[in-house]
Amino acid sequence: MTSTEPRPDQYAAVEPVRGFPLPPIRQPIRRIGARTFDFSKQVAVMAIINRTPDSFFDQGATFSLDRAIEAAVTAAEQGADWVDIGGAKFAPGPEIPAAEELDRVLPVVEALAARSDVVISVDTFRPEVAAACIAAGASVINDTTGIHDPALADVVAASEATLVITHSLAKPRQPHPRPHYDDVAREVAAFLADRVELAIAHGVPESRLIVDPGHDLNKTTVQTLELTRHLGEVAALGFPTLAAVSNKDFIGESLDRPKTERLEGSLAAATACILLGARIVRMHAVPESIAAVRMVEAILGFRAPVAPVHNL
């Protein structure tokens, strides 16, 4: 057992708080890479490494290879459960050739896999990028395009990797202005259910699927807030739900805060998502997010307090 894995007593049998009726997960115990998660009683923190010159939050701070590797290793050392590495941002822009995307992410995957047993995920929609990164040590493919290319599901099915299916509407790197939903939570859940069936049809078992409602992706701030309030409808699909909320525009616009001043809002949004059923949160600030998540786990009764001596 590594130092970053839960101690045998960390997730002791504690009666979950009745005030938070959480949707059940059909297959909560997941072996992902070298680590095992029981999403019925724990929440994973996913760190973010963007090896892009134009990432929406860090604006290229980890674009250079040495900085990307350093940030990835540091996130693992700080206790992140897994690290998500991306070489092309979701927002509209010029196409990034597959070879260039692979040049950006593959060396980071290789370096991190050599130094840590942390779960490594790669944010890509390209089958060839996914295949190379899985071979190099990635155990999750995080597809923010909702399986735009079904061949990606074939790649995942042929491996032992997990696939994150995210709701979005646009083609990769293309704009989708003024998105409209009659019922955003219902429509997002229906989209994800359809894409789950597609993945299963291509051979990916349910035990290796995670869903993500896609906060802000082809959604306005008002729509994202409504989706967050009704996140339980997505969690009710029965798969571990990932909430990628960190520093996003719906937080900035809700609070009128620039990107550098959204930490508190990000932690509040992540907490709300967990209380509504999310079991993975994708966050930039690793130590702060881990502390917030562990506190929410304690409130939910997922884990016992570390040092319960007050008033004893």
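A few points on the structure. (Residues numbered from 1 in each chain as written. Predicted model: local features only at pLDDT ≥ 70, side-chain atom pairs only at ≥ 80, totals over all residues. Heavy atoms only, no water.)

Focus: the overall build of the protein chain
Along the backbone of the protein chain there are ten helices and ten strands. Relative to the compact-globule value of 20 Å for 312 residues, the protein chain shows a C-alpha radius of gyration of 18 Å, a close match. Overall, the C-alpha framework of the protein chain stretches about 60 × 45 × 40 Å when taken along its three principal axes. Going through the 312 residues of the protein chain one by one, you find that 52% of them count as buried. When contacts within the protein chain are restricted to residue pairs at least 6 apart in sequence, those whose partners lie at least 24 apart make up 70%. If you sum the accessible surface of the protein chain, you get close to 13500 Å²; carbon and sulfur atoms cover 56% of it. Side-chain charges of the protein chain comprise 29 positive and 40 negative groups, with the mean position of each set lying 2 Å from the other. (Helix = DSSP H or I, 4+ residues; strand = E, 2+ residues; numbered from the N terminus. Rg over C-alpha atoms; globule rule 2.2 N^0.38 Å. Buried < 20%, exposed > 50% of the residue type's maximum accessible area, 1.4 Å probe, protein only. Contact = heavy atoms within 4.5 Å. Areas by Shrake-Rupley, 256 points an atom, 1.4 Å probe, with all protein chains shown as cover. Lys, Arg positive; Asp, Glu negative; His and termini not counted. Charge placed at Lys NZ, Arg CZ, Asp CG, Glu CD.)

Brief notes about empty space enclosed by the protein
All chains considered together, the criterion is met by three cavities of 30 Å³ or more. Reported here for the largest cavity is a volume of approximately 100 Å³. Every residue along the wall of the largest cavity is listed here: Ala-88, Lys-89, Phe-90, Glu-101, Asp-123, Thr-124, Phe-125, Thr-144, Thr-145, Pro-172 and Arg-173. Here the lining of the largest cavity is built from residues that sort into four nonpolar, three polar and four charged. Of the voids in this model, the second largest cavity is the one considered here, and its volume is about 40 Å³. If you trace the second largest cavity, you find it lined by Leu-267, Ala-270, Thr-271, Ile-274, Val-281, Met-283, Ser-289, Ala-292, Val-293 and Val-296. Of all elements in the fold, only α9 (263-275), β10 (278-283) and α10 (286-300) reach the threshold of two or more residues within the lining of the second largest cavity. Across the lining of the second largest cavity, the residue classes break down as eight nonpolar, two polar and no charged. (1 Å grid on protein atoms, 1.4 Å probe; cavity = no way out; pocket = protein on both sides within 12 Å on 5 of 7 lines; lining within 4 Å. Points joined across faces, edges and corners; volume = space filled by probe spheres on them. Nonpolar A, V, L, I, M, F, W, Y, C, P; charged D, E, K, R; others polar.)

Quick word on helix α5 (residues 184-201)
Compared with the 26 Å implied by 1.5 Å per residue over 18 residues, the 26 Å span of α5 between its first and last C-alpha is a close match. The set of residues buried in α5 consists of Val-184, Ala-185, Val-188, Ala-189, Phe-191, Leu-192, Val-196 and Ala-199. Looking straight down α5, one finds that the buried residues subtend no more than 160° of arc, so they occupy a single side. Exposed positions of α5 whose direction lies more than 90 degrees from the buried face are Glu-197 and Ala-201. On its buried face, α5 is in contact with α4 (151-157), β7 (162-166), β8 (209-212), α6 (221-229) and α7 (232-235). (Expected span 1.5 Å × (residues − 1). Arc of directions from axis to C-beta.)

With respect to the environment of Val-211
Counting through the fold element by element, Val-211 comes out in strand β8. Accessibility expressed as a relative area gives 0% for Val-211, which makes it buried. As for Val-211 and Ala-88, which are separated by 123 residues in sequence, their C-alpha atoms are 20 Å apart. With residues near it in sequence (within four places) discarded, Val-211 still touches Ile-165, Leu-192, Val-196, Val-234, Phe-239, Pro-240, Thr-241 and Leu-242.

Details of the pattern of salt bridges
Oppositely charged side chains are able to pair whenever their charged atoms sit close together. Tallied over the entire structure, the rule returns 14 salt bridges. Asp-194 is the partner of Arg-195 in a salt bridge, and the nearest nitrogen-oxygen pair spans 3.7 Å. Looking at Arg-195, the relative accessible area reads 22%, which means it is partly exposed. Classification of Asp-194 by relative accessible area gives partly exposed; the value is 47%. (Salt bridge = Lys/Arg side-chain N within 4 Å of Asp/Glu carboxyl O.)

Considerations on the environment of Glu-101
Relative to the assigned elements, Glu-101 resides in helix α2 (residues 98-115). For Glu-101, a relative accessible area of 1% puts it in the buried group. It is 8.7 Å that separates the C-alpha atoms of Glu-101 and Thr-124, two residues lying 23 residues apart in sequence.

Points about the nonpolar core
Counting residues in each nonpolar core, the largest one holds 72 residues, and the members touching the most others are Val-83, Ile-85, Leu-112 and Leu-163. The element best represented in this core is α5, accounting for eight residues. The residues touching Leu-163, leaving out its near neighbours within four places in the chain, are Ile-141, Asp-143, Ile-147, Leu-152, Val-156, Ala-199, Arg-208, Leu-209 and Ile-210. The next biggest cluster of nonpolar side chains, apart from the first, holds 14 residues, and it includes Ile-25, Trp-82, Val-164 and Ile-280. (Core = buried A, V, L, I, M, F, W, Y, C linked by side-chain atoms within 4.5 Å.)

Here's the deal with the packing of α5 against α6
Two elements in contact, α5 and α6, have axes whose closest approach is 8 Å; the angle formed by their N-to-C orientations is 75°. Classified by the angle between their axes, α5 and α6 sit roughly perpendicular to one another. In contact with Val-184, Ala-185 and Val-188 of α5, α6 contributes Gln-223, Glu-226 and Leu-227. Residue composition of the contact of α5 with α6, grouped by class: four nonpolar, one polar and one charged. (Axes fitted to C-alpha atoms, helices over the stretch in contact; angles between N-to-C directions. Parallel < 35°, antiparallel > 145°, perpendicular 65-115°, else oblique.)

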